[in-house]
Amino acid sequence: MKTKWAKVGIYLVCATILLAACTKEGDTIYTPDPADLASTAPLVTVVYDPNALGDRGYNDLIYQGVENAARQYGLRTLQLSPATVEEGQAYIQMMIQAMIEPEDTIRRLLIVAAVGYDDFLRQHNNRLEANPYADLLYGETETPLAGKGSSFYMEYYGAMYEAGAITPVEATDVLLVGANPLAKTVAEAVEAYTEGFQDSPIAPSDQQEKKLVTAWLSQEVSGGFTTSDSTAIQLLANQEWNGDRHLLVPVCGGSGANFRRLIEMFDIYDFMGIDCEAVSAHCNFSVVKRIDRAVHHCIEQWLSPAGMPKHQTFGLADDYTGVVIHPYTNDSKNRFKNLLSDELHQRIHEEAIRKEELKMKNDE
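Just so it is clear, the structure is predicted and the values come from calculations on it, not from any experiment.

Each value, and the rule that gives it
- Residues numbered from 1 in each chain as written.
- Predicted model: local features only at pLDDT ≥ 70, side-chain atom pairs only at ≥ 80, totals over all residues.
- Heavy atoms only, no water.
- Helix = DSSP H or I, 4+ residues; strand = E, 2+ residues; numbered from the N terminus.
- Expected span 1.5 Å × (residues − 1).
- Buried < 20%, exposed > 50% of the residue type's maximum accessible area, 1.4 Å probe, protein only.
- Contact = heavy atoms within 4.5 Å.
- Phe/Tyr/Trp six-rings, centres within 6.5 Å; stacked < 30°, edge-to-face > 60°.
- Lys NZ or Arg CZ within 6 Å of the ring centre and 35° of its normal.
- Pairing = 2+ DSSP bridges.

Caption draft 1: Inspection of helix α7 (residues 184–199) at higher detail. Taking 1.5 Å per residue as the helical rise, α7 with its 16 residues ought to reach 22 Å, and the 22 Å between its terminal C-alpha atoms agrees with that figure. Here α7 has its buried residues at Val186, Glu188, Ala189, Val190, Ala192, Tyr193, Thr194, Gly196 and Phe197. For α7, the secondary structure elements touched by its buried residues are β5 (150–154), α6 (157–170), β6 (173–178), β7 (211–216), β8 (246–251) and α12 (342–363).

Caption draft 2: Main features of the packing of aromatic side chains. Under the counting rule described, the total for this entry stands at 4 aromatic pairs. Ring centres of Trp241 and Tyr269 lie 6.4 Å apart, and the angle between their planes is 80°; this geometry places the pair in the edge-to-face category. With Trp241 in the loop between α8 (229–237) and β8 and Tyr269 in the loop between α9 (255–266) and β9 (270–271), this pair connects stretches of sequence that are 28 residues apart. Judged on exposure class, the residue Trp241 and its partner Tyr269 are both buried. The rings of Phe152, Phe314 and Tyr320 are connected pair by pair, giving a single aromatic cluster. Lying across the ring of Tyr156, Lys289 places its NZ or CZ 4.5 Å from the centre. Its end group placed over the ring of Tyr320, Arg293 keeps NZ or CZ at 4.4 Å from the ring centre.

Caption draft 3: Fine view of the pairing of strand β11 (residues 285–289). Of all the 5 residues making up β11, 5 are buried; the element is thus mostly covered by neighbouring parts of the structure. On β11, burial covers both faces: Phe285, Val287 and Lys289 on one face and Ser286 and Val288 on the other are all buried. The pairing of strand β10 (residues 273–275) with β11 spans 3 bridges and is parallel. Its bridge partner lying in β11, Asp275 is registered against Val288. Sheet analysis places β11 next to strand β13 (residues 321–325), joined by 5 bridges and oriented antiparallel. When the bridges of β13 are listed, Val288 appears paired with Gly322.

So this is what it looks like as structure tokens:
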């Protein structure tokens, strides 16, 4: 069954294509009236992962970033959340076709906010070269597009390292859940958190040995981003821990929402927020990706005379990623205050930036 967003998206995409390709009087392509600002404003279209919108996290932040830019600069927007990967590819195909056919000078930007379309997108992006007023923004990827289009990457290594390093303040026992080890961004986030946890200068308050268990939900590159309640419950319950303070770190996209909901219901773990600040008594700190700011910035670049860079990276040093501590309860506030001084946190933060910059240099 298609979601409401998917159905709306199909109708709007079809309308866009008809406007671009149909004739007004049978033999001429319709050109919008220049006096009609609603039809001549630049158009920004976003295609997401299947059923991505509504996650109250990463994808919703992209949506907000686009809409904030639209309000600021008077843009039109079309945001599409398909029900399947195939439907998402159809959206991209239709939008590219619509963008290369119009005989007008309206600026159009297609944003693809999902790595699941990587191969498909790289096979078709050069078709946009037929229209100098059409452009493409692809995130997140570390590999620039060949030919037409710009790309960006949100470097998470430093923020995840910092989160791992401060974790002993929060819990001795950690269950680190990754979607799958083949998704590069997920694997690197798991690696960074693990390194930070092992390097942490903070000793657990009860002097118990720190324990970190890593579990993967799938062994397929697109797997693990959704999971059943039964799988999540089994994974949470089947752990043997040293102490009585347990923390879940869910690096698994939409599956994280299932884990968080179950934790709220059964009060069995605390959890670390991922991609955005989590409002919960069970979440005392979050690793955030300020993807809304990044997308807003890219749209500003697109509108500028210089345009968007071919590729750019946002990270911890420039505050596009970071760690946010939430003192929602007196217990968590006192624990962080007593064991994580401002001076110690700053030292950990600076080391995290150094680690991230070293990784980026090694990746070049």
